[in-house]
Amino acid sequence: MTKTDLAEKVAQEIGLSRQTAEEAVNVFFATIKQALAAGEGVELRGFGSFRFRQRRGRLGRNPRTSSLVKVPAKKVLYFKPSKLLKDLINKQ
């Protein structure tokens, strides 16, 4: 399902125009992006949560030259599905 498909589904379910539903979906995703960019986690009850994990720096290897390369520490975004979503997926 794409963002356009999602907007069409919202328009059908709520009875909004397609353009209004698309704007609502865009605002929803923009709000999530802003929260994540600010370093906040996002929790959507019944769906899941987006959180950050800190990954330590390490030594990696360049596969082409086999030389050691220092990989810096970084934050990694991950998604943890809710129990309800896990149960729904595993039920099928």
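Scroll up a little and you will see the structure.
Now for a description of the structure that goes with this document. Not measured: the values here are computed from a predicted model.

This part is about the packing of aromatic side chains. Tallied over the full model, the rule gives three aromatic pairs. With centroids separated by 5.4 Å and ring planes inclined at 70°, the aromatic side chains of F28 and F29 adopt a geometry described as edge-to-face. With 5.0 Å between their ring centres and 50° between their planes, F50 and F79 make a pair best called tilted. Of the two residues, F50 is situated in strand β2 (residues 48-55) and F79 in strand β5 (residues 74-81); the sequence distance between them amounts to 29 residues. For F50, a relative accessible area of 21% translates into the label partly exposed.

As a further point, take the side chain of S82. Checked against the element boundaries, S82 lands in the loop between β5 and α3 (83-91). Note on S82: relative accessible area 16%, which makes it buried. Polar contacts involving the side chain of S82 include one to the main-chain amide nitrogen of L85, which spans 3.2 Å. Beyond its immediate chain neighbours, meaning those up to four positions away, S82 contacts G46, F47 and G48.

What counts as what
Residues numbered from 1 in each chain as written. Predicted model: local features only at pLDDT ≥ 70, side-chain atom pairs only at ≥ 80, totals over all residues. Heavy atoms only, no water. Phe/Tyr/Trp six-rings, centres within 6.5 Å; stacked < 30°, edge-to-face > 60°. Helix = DSSP H or I, 4+ residues; strand = E, 2+ residues; numbered from the N terminus. Buried < 20%, exposed > 50% of the residue type's maximum accessible area, 1.4 Å probe, protein only. Polar contact = N/O pair within 3.5 Å; in protein donor to acceptor, adjacent residues only side chain to side chain. Contact = heavy atoms within 4.5 Å.

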